[in-house]
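# Topology and contacts: notes
Letter by letter, the chains look like this.
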Amino acid sequence: MARRLDLEHVNIYYGNFHAVSDVSLMVPPHSVTAFIGPSGCGKSTVLRTINRMHEVIPGARVEGRVLLDGEDVYGPGVDPVDVRRTIGMVFQRPNPFPTMSIRDNVVAGLKLQGVKNKAKLNETAEQALRAANLWDEVRDRLNKPGGGLSGGQQQRLCIARAVAVAPDVLLMDEPCSALDPISTLAIEDLISELKRDFTIVIVTHNMQQAARVSDQTAFFNLRATGEPGQLVEIDQTQKIFANPTQRATEDYITGRFG
Amino acid sequence: MSDHTGPQTDATADHRPATSATTAGALGGSPARQPPAERAQPPSPGKPVVRRGDRLFRAAAVSSGGLIVGIIAAIGLFLLLQAVPALRVDQVNFLTSRLWNTDSLTNLRFGILDLLLITVTVSLFALIIAMPVSLGIALFLTQYAPARLARPFAYVVDLLAAVPSIVFGLWGIFVLAPALYPVAAWLNTHLGWLFLFSRRAGAPSLQGGGNLFTAGIVLAVMILPIITAVSREVFERTPREQIEGALALGATRWEVIRTTVLPFGRAGYVSGSMLGLGRALGETIAIYIILSGTALSFSGSLFDGGATFASKIAQAAPEFNNPTLAGAYVSAGLVLFVLTFVVNAAARAAIAAGER
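Right, let's walk through the structure included here. Note that the structure is predicted; figures quoted are calculated from it, not measured.

### Points about the packing of helix 4 (residues 113-144) of chain B against helix 7 (residues 212-236) of chain B
For any two helices packed against each other, the geometry is given by the interaxial angle and the distance between the axes. Residues and elements named next belong to chain B. For the pair helix 4 and helix 7, interaxial distance at closest approach is 6 Å and the crossing angle is 40°. When the axes of helix 4 and helix 7 are compared, the pair comes out oblique. The interaxial crossing formed by helix 4 with helix 7 has right-handed handedness. Broken down by class, the residue content of the contact of helix 4 with helix 7 amounts to 24 nonpolar, eight polar and two charged.

### As for a nonpolar patch on the surface
The grouping of Leu67, Ile68, Val69, Ile71, Ile72, Ile75 and Phe341 of chain B at the surface amounts to a nonpolar patch, some 640 Å² of accessible area in total. With respect to the element layout, Ile68 of chain B can be found in helix 3 (residues 52-89).

### Structural notes on the packing of helix 4 of chain B against helix 5 (residues 147-162) of chain B
Residue and element names in this part refer to chain B. Contact pair helix 4 / helix 5: the axes reach a minimum separation of 9 Å and the direction vectors enclose 150°. With respect to helix 5, the axis of helix 4 lies roughly antiparallel. In this structure, helix 4 meets helix 5 at a crossing whose hand is left-handed. The segment helix 4 lies against helix 5, with Ile137, Phe140 and Leu141 engaging Leu149, Ala150, Phe153, Ala154 and Val157. Within the contact of helix 4 with helix 5, the residues separate by chemical class into eight nonpolar, no polar and no charged.

### Topic: the environment of Arg223 of chain A
Relative to the assigned elements, Arg223 of chain A resides in the loop between strand 9 (216-222) and strand 10 (229-236). Sequence separation of Arg223 of chain A and Cys41 of chain A is 182 residues, and the distance between their C-alpha atoms is 9.2 Å.

### Re the environment of Glu244 of chain B
Within the fold, Glu244 of chain B resides in helix 8 (residues 240-248). Taking the C-alpha atoms as reference points, Glu244 of chain B and Thr260 of chain B, separated by 16 residues in sequence, lie 9.6 Å from one another. If we skip the residues at most four places from it in the chain, Glu244 of chain B touches Arg48, Met53 and Phe91 of chain A.

### Topic: the pattern of salt bridges
Pairs can form between side chains of opposite charge whenever their charged atoms are close. For the structure on display, the rule yields 21 salt bridges over all chains. Among the ionic pairs, Asp136 of chain A bridges to Arg139 of chain A, the shortest N-O distance being 3.6 Å. Among the residues examined, Asp136 of chain A registers a relative accessible area of 60% and is labelled exposed. Residue class for Arg139 of chain A comes out partly exposed when judged on its relative accessible area of 44%. The shortest N-O distance in the salt bridge between Arg200 of chain B and Asp304 of chain B comes to 2.9 Å.

### A look at helix 8 (residues 181-194) of chain A
Residues and elements named next belong to chain A. With 14 residues, helix 8 should reach 20 Å at 1.5 Å per residue; the first-to-last C-alpha distance of 20 Å fits that figure. Every buried residue of helix 8 is listed here: Ser183, Thr184, Ile187, Glu188, Leu190, Ile191 and Leu194. In a view along the axis of helix 8, the buried residues occupy a sector of 160°, so they form one face of it. In helix 8, the exposed residues that point more than 90 degrees away from the buried face are Pro181 and Ile182. Looking at the buried positions of helix 8, the neighbouring elements they touch are strand 3 (32-36), helix 5 (118-131), helix 7 (151-164), strand 7 (169-173), strand 8 (199-203) and helix 9 (207-213). One side-chain oxygen of the residue at the start of helix 8 lies 3.0 Å from the amide nitrogen of Ile182, identifying that residue as Asp180.

### Some words on the packing of aromatic side chains
Scanning the entire structure with this criterion turns up 12 aromatic pairs over all chains. Ring geometry for Phe197 of chain B and Phe303 of chain B: centres 6.3 Å apart, planes at 50°, overall tilted. With Phe197 of chain B in the loop between helix 6 (165-191) and helix 7 and Phe303 of chain B in the loop between helix 10 (285-290) and helix 11 (309-316), this residue pair connects regions lying 106 residues apart in the sequence. A single burial state applies to Phe197 of chain B and to Phe303 of chain B, both of which are buried. In textbook terms, an aromatic cluster arises when at least three aromatic residues are bridged by ring pairs, as seen for Phe94, Trp100, Phe110, Phe320 and Tyr329 of chain B. We note Arg61 of chain A situated over the ring of Tyr13 of chain A; from NZ or CZ to the ring centre the distance is 4.2 Å. The cationic tip of Arg161 of chain A hangs over the ring face of Phe97 of chain A; the distance from NZ or CZ to the ring centre is 4.5 Å.

### What to know about the interface of chain A and chain B
Counting residues at the interface gives 22 residues for chain A, matched by 17 residues for chain B. Between chain A and chain B, the buried area comes to about 1,600 Å², and carbon and sulfur atoms account for 63% of it. Scanning the region where chain A abuts chain B turns up three salt bridges. One salt bridge connects Glu244 of chain B with Arg48 of chain A, and the closest N-O pair in it is separated by 2.8 Å. Linking chain A to chain B there are five residue pairs in polar contact (both at pLDDT 80 or more). Elements that contribute at least two residues to the side of chain A that touches chain B include exactly helix 2 (80-86), strand 6 (87-90), helix 4 (108-112) and helix 7 of chain A. When grouped by side-chain class, the residues that make up the side of chain A that touches chain B number 13 nonpolar, four polar and five charged.

Criteria and cut-off values
- Residues numbered from 1 in each chain as written.
- Chains lettered and ligands numbered in written order.
- Predicted model: local features only at pLDDT ≥ 70, side-chain atom pairs only at ≥ 80, totals over all residues.
- Heavy atoms only, no water.
- Axes fitted to C-alpha atoms, helices over the stretch in contact; angles between N-to-C directions.
- Helix = DSSP H or I, 4+ residues; strand = E, 2+ residues; numbered from the N terminus.
- Parallel < 35°, antiparallel > 145°, perpendicular 65-115°, else oblique.
- Left-handed = near helix turned anticlockwise from the far one by under 90°.
- Nonpolar A, V, L, I, M, F, W, Y, C, P; charged D, E, K, R; others polar.
- Patch = residues over 30% accessible without salt bridge, like charges linked within 9 Å, V, L, I, M, F, W, Y side chains within 5 Å.
- Areas by Shrake-Rupley, 256 points an atom, 1.4 Å probe, with all protein chains shown as cover.
- Salt bridge = Lys/Arg side-chain N within 4 Å of Asp/Glu carboxyl O.
- Contact = heavy atoms within 4.5 Å.
- Buried < 20%, exposed > 50% of the residue type's maximum accessible area, 1.4 Å probe, protein only.
- Expected span 1.5 Å × (residues − 1).
- Arc of directions from axis to C-beta.
- Polar contact = N/O pair within 3.5 Å; in protein donor to acceptor, adjacent residues only side chain to side chain.
- Phe/Tyr/Trp six-rings, centres within 6.5 Å; stacked < 30°, edge-to-face > 60°.
- Lys NZ or Arg CZ within 6 Å of the ring centre and 35° of its normal.
- Buried area = accessible area lost by both parts, 1.4 Å probe.

By themselves, these figures tell us nothing about what the structure is for.
Right, here's the structure in full:
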């Protein structure tokens, strides 16, 4: 079930490098929040902090709190594996498991959780593929490898894989940047449908995309190279694109820089 | 580009300047877009242009490739030519006889069955020990060990491959064999009913350890580095996106390995193991030192002595004073040569089948 997400004074480091400074924001349930900003401003890093993927990089660490309905995912005794089962993720490049069939890809997460019941797995695979608008295209070749699909289909397969474990939050790290415009449109439509069931955070380089799919938009920036990235402002998407509070935001969305 | 190649190829020589100009004009283009004069020359049909550098490099590559095939063919031919005269005067069936008697030139009796069985048994035994250990080391080095530790550790494993086989042989018979005696005795006492661990009178003593058991374990240590090195290389190349995909689904360390690293690296692991097997099959001097000769024929037990192809040939090499006599051993070498080919082909087939 979709849940609310709060970041409180989050500071992110790679070793001694301070990558992101003091981010606080709130993501309401059943909403789409877009992170925009120039390259290197730390928006993907913030995204990866939410499901504790940041810490798999040696030397990476996080300060501050990331609350899922009030519970800190960095709290003592919280297993990052459980966090990642609750907060799903879709990556920039489609990454289905190449040796697995389409069906096995979709239920890979469930299998990891120990679900063995064949009927249950097949049922979930169909539901997830339908949710990802991929079912009609692959229903006849569920046992074929996922690597044989087109880029856009592979990305929807990855979305199906992420939603199959029924997470509370879905993180998307530039999910369309490796796709053609038609596949991009298919994913964007999908995002609007998925927010009925999930809380969605999406990183995108494409401002039109942010404007099309998101309810609120967060603009990240960095003062200078080597300085930590920071959250400049976050507001309703319409407000950000029509009448931003900060000068830097306006410059960025009107294309005056970045 | 394509926007002005169109009019260009259609145009005859007279029209060209005009069309180019209109194209450039239509595009609002600068003079830089004007195609160079030689571009307009249509390539003469049927004769693709190849640069001299490419031609030279191609010749070099083809001849190197051809050379290695030529060398292998020459070795095969040499073995065959040397073996045939001896095989013609062999008084027993070469493939099915267990005899090896080359004392009398007029009554040569040699068959390779025992050599083949011993070679294969000891090599497979080594492989069975080395494969899981290498897998463990390679996974540890690539997935678990901190970078600070992984590099020197990998270096030490590689160093193991640089130890000369004579050292392994001496270590095997003088250090390892006595150390293994309690294990061997236990196996023989408790599992002696199984042909693998039975010991007949006349076989090398368990204390001495001049048997396939010791030889196989030494071989396992010898092939460990190659299997580990090849596996490590492929495991390291597991795409980052795959690993992160599994992690993001809530996979534990081990589950990440199972869903991404192992499927990705399986083919490399198998081919590394086959390289190891190839080395084990051909290993000579360590086996020569460790294995005791025996009058008994091979029973399939790890506590038998005997000789492999390579150690048998090495043993007799000082006495090759006659081409026919030598031919008997060369024919054994020929079988070993074919055997390694078969192993390699089987490995490739296994990998190809796995990828499908």
